[in-house]
Amino acid sequence: MKYVAPFLILGLQLLITNEAKDYSNWKVIEVTPTSLKDVKVLLQMESERVLFLNGVSKTLGSSSTILTDSQDMLKANLANAGIRSEILSHNIQELINREVVNKDGIINGQLSWDRYYNLTDIYTWMDELAERHSKFVKTFSIGTTYEGREMKAIVISKSGETKPAIWVDSLIHSREWIAGAVGTYVIDQLLNNDDEEIQNWLDNYDFYFLPVWNADGYHYTHAEARFWRKTRSPNEGSSCIGTDPNRNFDYDWGGAGSSNHPCAEDYSGKGIFSEVETAAVRNFISSISDRLDFYLSLHSAGQYILIPYGDSNAKIPQYKTYMRIGQAAADAHARRNGTIFKPGNVVDLLYTASGISMDWVKDKYHTPLVLTYELRYIAAGLLPSDEIYDSVVEFFAGFRVLMQEVIKGIPEKDP
C-alpha cells in the first residue's frame, strides 16, 4: 500500500523552513525495512524529502532514522505501508538542552572542549591564536558570505606557504556543531602540543583550516533555528531560503542525491558554484591545489570515514589503499574510547550525493588523499557537551594515522 506523500511533505516543510524555533515534541523515529518492498517505499519517502538522518538503509533488518514534528501522520503512513517503526526520542529539545553553549567569552585565549562556541567566540579565538603565534600563524578571509560575514580561515606555516598543504574544513552544514569542535581541537593540538610527531608535521606541511565554513548558517543555528543546514541566500520564485553548499560543487552537479527544489534540504542551487561561499572555497582551493596533499571535510553524523565518490559506488583507482587507510584510522579511533567508525564509499555507506566538495577536489585536482568524516552523535546529529572532549580526542588519534599515511605517500593507484 502506498503512503500519502502530502502529509510527509508538510511535516518536512516545517523542518526545512525552520518556522519552529523550539523543537519541543519533535520526534526521532526509527524505521526498519524487512523486505525489498519496504526499502523501495523508504527510498520513495526520501526522494520526496522526508528527512532520513543517516540515509535509507538498503539492508533488510537494518534501521534508518527520521526527524519529524508530524508523528501521527508519519506513523500512519508507515503503518499503511507495513513498515515497522519505533520512536527513539519523543522530544528532541531535551537533547538540544544538553548542548551547553559558552557564555563567558574567550578566557586567556583558550577554548574549552566541554561546550560549544558561537561564531564571534570562534573568530576571536582564531585571531588571538594568530597574535600569540605570529611568526607562523595568521588568519585571513577567503571571502564574504551572502549576509556579509567573513569566511575566516587560519594558516599554520613555517615555510612561508611553500610546503605541501593540508586542508581541513568544518561546518559546511551549519547544524553539525561537533564538526566545528573537532576542527578547532586539531588547530589547538598543532599549536599547543609539543609532541615530536606533531612538530615534525609543522616542519614539513602547511595547514589550512576553515573552521566555520557556513558562517551565516552557523550564526542562524545559534540565534534562530538549531537544525538549519543550508546557506542563507534567497531563492528567486520561492519563499524557501538557502542552498545546500555540499551539493553546489562542480562534480555531477544536479545529479542523483540532490534536489532542484529550493525547499529541499539538499537543494543544489540555481547553478554550479551559485553560492558566494562555494565560489570562495573553489577559488582558494584552486590557489593551493598544486601543493594540496590532503583534503579533509568534517561533518556529523554517523561515524563514517567516507571516500569518493558520492554519485556512484564505482571504485576509485586507490580504493583498496583508501579503505586500508580508513580502517587504520578507525582502529585508532576505537582504541581511544571504543567508538566504531566505518570506512567506505558514500553510496555504499549512506546514500547517493552529487555536487559534493570532496568529489570536486578529487576529480579536478587528483589530490592524493581526500576524505569526508561523519562524526559521532546521539540522535538527530546532536551531541551533548559532555561528549565533546571524548569525540575530539578520539578523532585526533585517527588523524595521526592519516597524517602518517600522507607522509609515507599515497599511490596514484592501488599496488
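Computed from a predicted model, the values in this text were never measured in an experiment. (Residues numbered from 1 in each chain as written. Predicted model: local features only at pLDDT ≥ 70, side-chain atom pairs only at ≥ 80, totals over all residues. Heavy atoms only, no water.)

## Things to note about helix 5 (residues 119–132)
Test applied: Helix and strand assignments come from DSSP, with helices taken as H or I runs of at least 4 residues and strands as E runs of at least 2, each series counted from the N terminus. To estimate how far a helix should reach, multiply one less than its number of residues by 1.5 Å. Contacts between residues were defined by any pair of non-hydrogen atoms, one from each residue, lying within 4.5 Å. Under this definition, polar contacts are N or O atom pairs within 3.5 Å; protein pairs additionally need one hydrogen-donor-capable and one acceptor-capable atom, and for neighbouring residues in sequence, both atoms have to be side-chain atoms.
For helix 5, spanning 14 residues, the distance from its first C-alpha to its last is 20 Å, which sits close to the expected 20 Å at 1.5 Å a residue. Looking at the buried positions of helix 5, the neighbouring elements they touch are strand 4 (137–144), strand 5 (150–156), helix 6 (177–192) and helix 8 (215–223). Taking the backbone nitrogen of T120 as reference, a side-chain oxygen 3.2 Å away marks N118 as the first, capping residue of helix 5.

## So, the packing of aromatic side chains
Cut-off, in case you're wondering: Pairing of aromatic rings covers Phe, Tyr and the six-membered ring of Trp, with a centre-to-centre limit of 6.5 Å; geometry is then stacked below 30 degrees between planes, edge-to-face above 60, and tilted otherwise. Note on exposure labels: buried denotes an accessible area under 20% of the residue type's maximum, exposed denotes more than 50%, and partly exposed covers the range between, all computed with a 1.4 Å probe on protein chains only. Charge-over-ring placement is defined geometrically: NZ (Lys) or CZ (Arg) within 6 Å of the ring centre, and within 35 degrees of the ring normal.
Taken as a whole and assessed by the stated rule, the structure comprises 24 aromatic pairs. Summarising the aromatic geometry, the rings of W113 and Y185 are spaced 5.3 Å apart at their centres and angled 85° between planes, so their arrangement reads as edge-to-face. Here the residue W113 occupies a position in the loop between helix 4 (93–96) and helix 5, and Y185 occupies one in helix 6, the gap between them amounting to 72 residues. Grouping residues by exposure puts W113 and Y185 together as buried. Measuring from centroid to centroid gives 5.7 Å for F249 and W360, while their planes differ by 45°, and the two rings are tilted. Of the two residues, F249 sits in the loop between helix 8 and helix 9 (276–288) while W360 sits in helix 12 (residues 357–365), which places them 111 residues apart along the sequence. With respect to burial, F249 and W360 carry one shared label: buried. An aromatic cluster is defined as three or more aromatic residues linked by ring pairs; in this entry it consists of W113, Y185, W201, F294, F341, Y373, F395, F396 and F399. Taking NZ or CZ as reference, R232 lies 4.6 Å from the ring centre of W228, over its face.

## What about unusual backbone geometry?
Looking along the chain, the bond that leaves S300 and enters A301 is cis, with omega of 20°. Going from P308 to Y309, the amide bond is cis rather than trans, its omega being 5°. Along the chain, Y309 turns up in the loop between strand 9 (304–307) and helix 10 (319–337). Located in the positive-phi region is L171, a residue other than glycine, with phi close to 65°. Position of L171 among the secondary structure elements: in the loop between strand 6 (165–170) and helix 6. Exposure remark for L171: the relative accessible area of 0% places this residue in the buried category.

## A closer look at the pairing of strand 9
Spelled out, the test is: A pair of strands counts as paired when DSSP detects no fewer than two bridges linking them. The handedness of a crossover follows from its direction of travel: if, with the strands pointing away from the viewer, the path from the first strand over the helix to the second runs clockwise, the crossover is right-handed.
Side-chain alternation along strand 9 places Y304 and L306 on one buried face and I305 and I307 on a second face that is also buried. For strand 9 and strand 10 (residues 342–345), the ladder comprises four bridges, and the chain directions are parallel. Of the residues in strand 10, the one forming a bridge with I305 is P343. Once the chain exits strand 9 it traverses helix 10 before rejoining the sheet at strand 10, and the crossover so formed is right-handed.

## Thoughts on the environment of W113
Note on W113: relative accessible area 11%, which makes it buried. When the C-alpha positions of W113 and S391 are compared, they lie 9.4 Å apart, and in sequence the two are 278 residues distant. With near-sequence residues (within four places) excluded, W113 lies in contact with A181, T184, Y185, D188, I388, Y389 and V392. Of the polar contacts made by the side chain of W113, one reaches the backbone oxygen of A181; its length is 3.1 Å.

## Side note on the environment of Q189
Relative to the elements of secondary structure, Q189 occurs in helix 6. Q189 gets classed as buried once you look at its relative accessible area, which sits at 12%. Separated by 98 residues in sequence, Q189 and N91 place their C-alpha atoms 36 Å apart. For Q189, the contacting residues outside a window of four places in its chain are I198 and F396. There is a polar contact of 3.2 Å between the side chain of Q189 and the side chain of D188.

## Quick word on the sheet that holds strand 1 (residues 27–32)
Our working rule: Helix axes use the C-alpha atoms of the stretch in contact, all axes being lines fitted to C-alpha atoms, and the angles between their N-to-C directions lie in the range 0 to 180 degrees.
What the three strands build is an open sheet, ordered 2-1-3; its pairing is antiparallel. Each edge of the open sheet carries a strand with a single partner, namely strand 2 (64–68) and strand 3 (84–89). The mean inter-strand angle of the sheet, taken between neighbouring strand axes irrespective of direction, is 30°. Strand direction decides the pairing type here: strand 1 and strand 2, joined by five bridges, are antiparallel.

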